[in-house]
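Read off the chains here:
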Amino acid sequence: MKKILFLLFLIIHLQRFYAQMPYTFSALSGAYTPLAGATTVHASGVDESLSAAINIGFTFQYNCVNYTQVKISSNGWMTFSLALTGSGLTNNLDLGIEK
């Protein structure tokens, strides 16, 4: 009985240790290099805006639906729903429009 309890105790505690995998961090030195040839979606200082549809260059499947375009908000979110025409300032969840 003691062996069984000891094994059970050991198994439970070993599982807990594996949940906390160690990782290392090492800082790199260097200078920031801005992207060359990047696509400007919104001009500097634009707020509360939603871009036109932007081709992503590949087919992205999400929830069994294929997408090839996105719209990007100046507030930092993006959507695959091309039906949205505004930046979505409301949080009315019963409108039935996906973001």
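Our subject is the structure that appears above.
**Considerations on the overall build of the chain**
- Helices and strands together make up the secondary structure of the chain, namely one helix and three strands.
- In sequence order, the secondary structure elements of the chain are arranged as α-β-β-β.
- Counting only residues that meet the buried cut, the chain has 10% of its 99 residues in that class.
- The long-range fraction of contacts in the chain, counting pairs at least 24 apart against all pairs at least 6 apart in sequence, stands at 25%.

**Examining the environment of Y62**
- If you trace the backbone, Y62 turns up in strand β1 (residues 54-62).
- A relative accessible area of 52% places Y62 in the exposed class.
- Sequence separation between Y62 and F80 is 18 residues, and the spatial gap between their C-alpha atoms is 9.5 Å.

**Considering unusual backbone geometry**
- The residue E48 is not glycine, and still its phi comes out positive at about 55 degrees.
- On the secondary structure map, E48 appears in the loop between α1 (2-18) and β1.
- Residue classification places E48 among the partly exposed residues on the basis of a relative accessible area of 39%.
- In this model, N63 sits at a positive phi of 55 degrees, which is unusual for a non-glycine residue.
- With respect to the helices and strands, N63 occurs in the loop between β1 and β2 (65-72).
- A residue is classified by how much of its surface remains accessible, and N63, at 67% relative accessible area, is exposed.

**A few points about the packing of aromatic side chains**
- Tallying each qualifying case throughout the model produces two aromatic pairs.
- Judged by centre distance (5.3 Å) and plane angle (15 degrees), the ring pair of F60 and F80 falls under stacked. A residue pair is termed long-range when its members are at least 10 positions apart, and F60 in strand β1 and F80 in the segment after β3 (78-79) qualify at 20 residues.
- An angle of 25 degrees between the planes, with centres 4.6 Å apart, marks the rings of Y67 and F80 as stacked. Taken together, the residues Y67 in strand β2 and F80 in the segment after β3 connect sequence positions 13 residues apart.
- By the ring-pair criterion, three or more aromatic residues cluster together here, those being F60, Y67 and F80.

Thresholds, definitions, all that
- Residues numbered from 1 in each chain as written.
- Predicted model: local features only at pLDDT ≥ 70, side-chain atom pairs only at ≥ 80, totals over all residues.
- Heavy atoms only, no water.
- Helix = DSSP H or I, 4+ residues; strand = E, 2+ residues; numbered from the N terminus.
- Buried < 20%, exposed > 50% of the residue type's maximum accessible area, 1.4 Å probe, protein only.
- Contact = heavy atoms within 4.5 Å.
- Phe/Tyr/Trp six-rings, centres within 6.5 Å; stacked < 30°, edge-to-face > 60°.

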